[in-house]
Every structure is written in C-alpha cells, then in structure tokens.
Amino acid sequence: MSAFLESPKSFYWQYLHAGTGLSYAPSVARYDHDLAFGTRWAEFVDAFYTTRPITQASSLEADLSGWAEKIKPTYLTSFVALQNNYIASFSPDDGVRTPDTSELRLESDRFVARLDGLSADGIIHECKTTSRAPSLDMQLWRVENSLQVKLYAVLAEAEGVRIEFAYKDSPNVVFRAPVKAITREQRRFWKAELESLWEAIQLCLHREPAWGHAAFPCHPDGCTIVSKRFIGECPWKSMCDGVTGAEHFYRPRPPHIDERTGLELHIVR
Ligand code: SF4
C-alpha cells in the first residue's frame, strides 16, 4: 500500500507486471545494503527476545558470515557496535515483547502483517534502522503515523506503540522512544483509512485486464527527485520510458557534479 501511494505505476511494475510473463526490467539491479542491514537487525532483535543465551555480540559475529562479505565494511562495524549497545542497554525480560509475540504474523480478511513484536499489555514494538536525521521528532512522528504502524495497531488492537531507532551512523546507539498511546477511536479512523486505500487498489486491479499498467495512475512527481546534494531516480523508470506523451518527464538527467570533488553524484532510491 505504501508503494501504491508513492506511485501507483511503480506498484504495478513491482508487484504485478512480473506475473504477466512480459519482460521485466527494473532499471537498476544492485545489492541493497540498507534493506539487508534492516533485515539482519530484525533477526538480531528477534533472537535477543526469543533465544535468551545471547549475551555477547562477539558470539554473533560468526553468525554474520555469508553476509559480512556482501555488506559495506562500515555497515558491518556499525552492526556489531549496535549489537553491543543493545545487549548493554536492554534485557530480554523487559517485557517489550514476549517470545511468542516476536515476529508476530497477523491477518484479517483483507490484510496480512508481520509486526516486530507485541508486549503482553498490547504495546507494539517496532524496530527501525536509520541514518541520523536532522529532527528526531519528525523522524519519530513519521514512523508512529506510518501506514505500517496503523495496520499493526488495527490488526493487533494495540493500546500503544514503542519505536526504536538503531543508528547506522556513529555513535552507533539504539534510541527507544517512550510509548505513544493509541486510542480505540484512532484505530477506528485508521481502519477506515486503510480500507479506503485497499478499495482504491482493488478498483485498479479489477479494471479491464487488457489495460495492464494503464489502469494504474502515473505519478511523475516521484520519478526523479533532484535536490542540491543528490538525484534520486525511480528504479522502474525504464519501464515507464515508453509512455506516450510523457517523454519529457523521463528525459535523461543532466549530470550532477559535486562542486567539492568534481565527481558525478547519482543516488538510486
Ligand atoms: S518512473 Fe515515475 S511513474 Fe514510473 S513507476 Fe517510477 S515514479 Fe512511477
């Protein structure tokens, strides 16, 4: 649903086009270091709360083999430092999740979700890995009000949410935010939001199948984000390149040169 909101066309390319048997060509194939880092971090926190003997991060370093060769060396260093910080700061018995509510799968007739954890008194435990942002308040607000947390809250009938940020930048520490209460009224409102979006996606899905991607609105504002420091290019841009009349949205980018180093900057989101 988040992908659909970002760009309905991107949602189509990412989740539906591959199933048509037609050619499938994202613009960029690469190892996603941030995704890999986040996935391994979720596994570590799950093990911390379910496999109690974890008391020393060094015992986990061996467990990183196979991954350690692929991930950026700076990320590997950060990961080990974060593990140590987590072990020093928290206890598997602190109750933020129980062993049987870690990596908990929830579903309704419309939605499926796997939340990081849930406490016995109904507080969601959501762990994020992130780089430092200028404003922690804004970063926290965005996660606490994200579609993902709303969906978890609705499915788990949660009474609150507890967000954690594990910072990949130095100093590698984990920030555990205070519990933010969630009311029954909020859950009712969020359920309506989620179902409206679900219905919008269904409308696109059930249009004349021959329409294919044409049933999914194009959202060109998100195609190539250019800021002073970087250019972020949608990985599905090459799939949209042939859309008649939209060529001007997808024209080749002019090179963006870093004034200090003289190197071209190109960040793919
Ligand atoms: S290139 Fe633009 S319209 Fe196409 S999927 Fe990406 S963001 Fe959406």
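Quick caveat, the model's predicted, so the values are computed rather than measured. (Residues numbered from 1 in each chain as written. Predicted model: local features only at pLDDT ≥ 70, side-chain atom pairs only at ≥ 80, totals over all residues. Heavy atoms only, no water.)

Looking at the packing of aromatic side chains
Here's step 1: For the coordinates displayed, the defined rule picks out 17 aromatic pairs.
Here's step 2: A ring pair is formed by Phe-11 and Tyr-15, whose centres lie 5.5 Å apart and whose planes are at 50 degrees; its orientation type is tilted. Residue Phe-11 and its partner Tyr-15 are located together in helix α2 (residues 8–16), separated by 4 residues, close to a single helical turn.
Here's step 3: Accessibility expressed as a relative area gives 11% for Phe-11, which makes it buried.
Here's step 4: Look at Phe-165 and Tyr-167: their rings are 6.2 Å apart centre to centre, the planes differ by 40 degrees, and that puts the pair in the tilted class. An identical accessibility class is assigned to Phe-165 and Tyr-167; each is buried.
Here's step 5: The residue whose ring lies beneath Arg-132 is Tyr-167, and the NZ or CZ to ring-centre distance is 4.2 Å.
Here's step 6: Seen from the ring of Phe-90, Arg-176 lies directly overhead, with NZ or CZ sitting 3.7 Å from the centre. (Phe/Tyr/Trp six-rings, centres within 6.5 Å; stacked < 30°, edge-to-face > 60°. Helix = DSSP H or I, 4+ residues; strand = E, 2+ residues; numbered from the N terminus. Buried < 20%, exposed > 50% of the residue type's maximum accessible area, 1.4 Å probe, protein only. Lys NZ or Arg CZ within 6 Å of the ring centre and 35° of its normal.)

A word on the site of the ligand
Here's step 1: Around the ligand, the surrounding shell holds 13 residues, and the nearest of these are Ser-7, Ser-10, Cys-223, Cys-234 and Cys-240.
Here's step 2: Elements with a contribution of two residues or more to the shell around the ligand: α2 and α9 (237–240).
Here's step 3: When residues in the shell around the ligand are grouped by element, the largest group, 3 residues, is from α2.
Here's step 4: Its residues placed into classes, the shell around the ligand shows 7 nonpolar, 4 polar and 2 charged. (Near = heavy atom within 4 Å. Nonpolar A, V, L, I, M, F, W, Y, C, P; charged D, E, K, R; others polar.)

Regarding the pattern of salt bridges
Here's step 1: Counting across every chain of the model gives 11 salt bridges.
Here's step 2: Arg-176 serves as the salt-bridge partner of Asp-94, at 3.1 Å between the closest nitrogen and oxygen. Of this pair, Asp-94 sits in the loop between α5 (73–89) and β1 (104–107) while Arg-176 sits in strand β6 (residues 174–176); the two residues are 82 residues apart in sequence, bridging distant segments of the chain.
Here's step 3: A relative accessible area of 32% places Asp-94 in the partly exposed class.
Here's step 4: A salt bridge links Arg-176 to Glu-164; its shortest N-O distance comes to 2.8 Å. In this pair, Arg-176 sits in strand β6 while Glu-164 sits in strand β5 (residues 160–167), placing the two residues 12 residues apart along the sequence.
Here's step 5: When salt bridges that share partners are traced, they join Arg-110, Lys-191, Glu-195 and Glu-199 into one network. (Salt bridge = Lys/Arg side-chain N within 4 Å of Asp/Glu carboxyl O.)

Some words on the nonpolar core
Here's step 1: Among the nonpolar cores identified, the biggest contains 40 residues, and Phe-4, Leu-115, Ile-124, Ile-163 and Phe-216 are the most heavily contacted of them.
Here's step 2: No other element matches helix α7 (residues 147–156), which puts 8 residues into this core.
Here's step 3: Residues from two domains meet in this core; each of domain 1 (2–30 + 194–252) and domain 2 (33–182) gives at least three.
Here's step 4: Excluding its chain neighbours within four sequence positions, the residues that come into contact with Leu-115 are Glu-103, Leu-104, Leu-106, Ile-124 and Tyr-152.
Here's step 5: Among the nonpolar cores identified, the runner-up in size contains 19 residues, and Trp-67, Tyr-75, Tyr-86 and Phe-90 belong to it. (Core = buried A, V, L, I, M, F, W, Y, C linked by side-chain atoms within 4.5 Å. Domains from an automatic or database assignment. Contact = heavy atoms within 4.5 Å.)

Structural notes on the environment of Thr-77
Here's step 1: Within the secondary structure, Thr-77 is located in helix α5.
Here's step 2: For the pair formed by Thr-77 and Asn-172, sequence separation is 95 residues and the distance between their alpha carbons is 9.3 Å.

Considering the packing of helix α3 (residues 33–50) against α5
Here's step 1: For the pair α3 and α5, interaxial distance at closest approach is 11 Å and the crossing angle is 25 degrees. Judged by the angle between their axes, α3 and α5 are roughly parallel. The interaxial crossing formed by α3 with α5 has right-handed handedness. Here His-33, Asp-34, Phe-37, Arg-40, Trp-41, Phe-44, Val-45, Phe-48 and Tyr-49 of α3 come into contact with α5, specifically with Tyr-75, Ser-78, Phe-79, Leu-82, Gln-83, Tyr-86 and Ile-87. (Axes fitted to C-alpha atoms, helices over the stretch in contact; angles between N-to-C directions. Parallel < 35°, antiparallel > 145°, perpendicular 65-115°, else oblique. Left-handed = near helix turned anticlockwise from the far one by under 90°.)

Regarding the confidence of the model for the protein
Here's step 1: Confidence in the prediction for the protein averages 82 pLDDT; 77% of positions are at 70 or higher.
Here's step 2: Summarising per-element confidence for the protein, the mean pLDDT is lowest in strand β10 (residues 267–268) (51) and highest in strand β7 (residues 180–181) (98).
Here's step 3: In the model, residues 248–252 has pLDDT below 50 throughout and makes 7 contacts with residues more than four positions away in sequence or in other chains. (pLDDT = per-residue confidence, 0-100.)

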